[in-house]
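# Secondary and tertiary structure notes
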Amino acid sequence: MDSANYELILPQLDDSLDQNEEWFILEHEGEYKKVKSHDYEQIYRVPGLYEDIFYNRLGCKSPNVVCDLLDQEMRKAEDPDQPLRVFDFGAGNGIVGEVIKEEMDCDLLVGVDILPEAKEAVERDRPGLYDDYYVLDMSCIDEAELGKFQSYNFNTLVTVAALGFGDIPTRAFVNAFNMLQDDAWVAFNLRDKFLAEEDNSGYREVLQTILDDSFSISQEKRYCHRRSIAGDEVCYHAIVGKKLDNIEDVSGLLVG
Ligand SMILES: C[S@@+](CC[C@H](N)C(=O)[O-])C[C@H]1O[C@@H](n2cnc3c(N)ncnc32)[C@H](O)[C@@H]1O
């Protein structure tokens, strides 16, 4: 990657701002802009900016935490040596895909993101990492797309830092889950507040409903995903488990 051709200024922010309300000042090509921290469209356009802000400055650990937990659980389960066929959902600019490729025996890696800028950033910064990468909204896929994804025979779904906060809604997560082979590994993380009773993202209800019949959790871990711009710890849960069956009859609970 080229050396940085931008300047990043992190302001002194009030700690009452939520994760998706934080912002910073970006100077790029002679222009100063206020950028929201979840404005990935703008962030991916600048080479190295996503890595700089979230990983170097705010200490994001999630790709390693989620992938390490998945790796540990696969080893414990002593699954027969089947190479992974991974669906990286909300793949962004490929940081998670890179960890998977480095740490695991991966036969196939397919990414999906809703933003064309994410795909462009992968092609620019990590060319060749994914076998295929699609720009689409998984909450409204048609039959032809569904068939195409099912034919990959994914045995692993990984989705990191992408559920909730106006990002991937429950409907899209359920669609992705239902495209996997039965017995597939599922690894994801969620902000702790999405599992709290007062939350309205829908994730807590969907998780509670699918446990036992469709999804079996093998390991869960609360950890610091990253610091906020104000310097506080932002806590997430990493969850790893196995798909038992398709998720049915949850349409009343779905958001998005
Ligand atoms: C914080 S980024 C995480 C990227 C990557 N997983 C990582 O950990 O570096 C969240 C990503 O989810 C993507 N996203 C949001 N809503 C989505 C949707 N409905 N379908 C697919 N991707 C979505 C965003 O465009 C963004 O690239």
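Everything numeric in this text was worked out from a predicted model, so none of it was measured.

Neighbouring residues of the ligand: 19 residues in total, closest Y44, Y50, G90, D113 and V160. The contact in question runs from an oxygen atom of the ligand to an N or O atom on the side chain of Y44, over 2.6 Å. Here an oxygen atom of the ligand sits 3.5 Å away from a polar atom, N or O, in the side chain of Y55. Taken together, the elements giving at least two residues each to the shell around the ligand come down to α1 (40–45) and α2 (49–57). Looking at the shell around the ligand residue by residue, the class counts come to 14 nonpolar, two polar and three charged. Both domains that meet at the shell around the ligand, namely domain 1 (6–57) and domain 2 (62–253), each give it at least three residues.

On to the domain arrangement of the protein chain, then. Split into domains, the protein chain comes out as domain 1 (6–57) and domain 2 (62–253). Opposite the 24 residues of domain 1 that make contact, domain 2 presents 24 residues. Taking both partners together, domain 1 and domain 2 bury about 2,000 Å²; carbon and sulfur atoms supply 51% of that area. Among the residues of domain 1 in contact with domain 2, Q19, E22 and Y44 are the three that bury the most area, contributing 33% of the side total. Linking domain 1 to domain 2 there are three salt bridges.

Okay, the pairing of strand β9 (residues 215–227) next. Two strands pair when backbone bridges link them, and β9 and strand β10 (residues 233–243) are joined in this way by 11 bridges, in the antiparallel orientation. If you follow K221 over to β10, its bridge partner there is A238. Counted along the chain from β9 to the antiparallel partner β10, the turn is five residues long, and its residue G231 has a positive phi close to 100°.

Two measures describe an aromatic ring pair: the distance that separates the ring centres and the angle between the ring planes. Summed over the entire model, instances satisfying the criterion amount to 19 aromatic pairs. Their ring planes at 80° and their centres at 5.2 Å tell us that Y130 and Y133 sit as a pair that is edge-to-face. The buried category is assigned to Y133, whose relative accessible area is 9%. Each ring, one from Y134 and one from Y152, has its centre 6.5 Å from the other, and the planes form 65°; the classification is edge-to-face. Here the residue Y134 occupies a position in strand β6 (residues 132–135), and Y152 occupies one in the loop between α6 (143–150) and β7 (156–159), the gap between them amounting to 18 residues. Accessibility expressed as a relative area gives 19% for Y134, which makes it buried. For Y152, a relative accessible area of 11% puts it in the buried group. Aromatic rings pair up to connect F87, F89, Y134, F149, Y152 and F154 into one cluster.

A word on unusual backbone geometry. The residue N153 is not glycine, and still its phi comes out positive at about 50°. Mapped onto the fold, N153 is located in the loop between α6 and β7. Phi angles above zero are rare outside glycine, and A161 is one such case at about 55°. Note on placement: A161 falls in the loop between β7 and α7 (170–178).

Cut-off values and rules
- Residues numbered from 1 in each chain as written.
- Predicted model: local features only at pLDDT ≥ 70, side-chain atom pairs only at ≥ 80, totals over all residues.
- Heavy atoms only, no water.
- Near = heavy atom within 4 Å.
- Polar contact = N/O pair within 3.5 Å; in protein donor to acceptor, adjacent residues only side chain to side chain.
- Helix = DSSP H or I, 4+ residues; strand = E, 2+ residues; numbered from the N terminus.
- Nonpolar A, V, L, I, M, F, W, Y, C, P; charged D, E, K, R; others polar.
- Domains from an automatic or database assignment.
- Contact = heavy atoms within 4.5 Å.
- Buried area = accessible area lost by both parts, 1.4 Å probe.
- Salt bridge = Lys/Arg side-chain N within 4 Å of Asp/Glu carboxyl O.
- Pairing = 2+ DSSP bridges.
- Phe/Tyr/Trp six-rings, centres within 6.5 Å; stacked < 30°, edge-to-face > 60°.
- Buried < 20%, exposed > 50% of the residue type's maximum accessible area, 1.4 Å probe, protein only.

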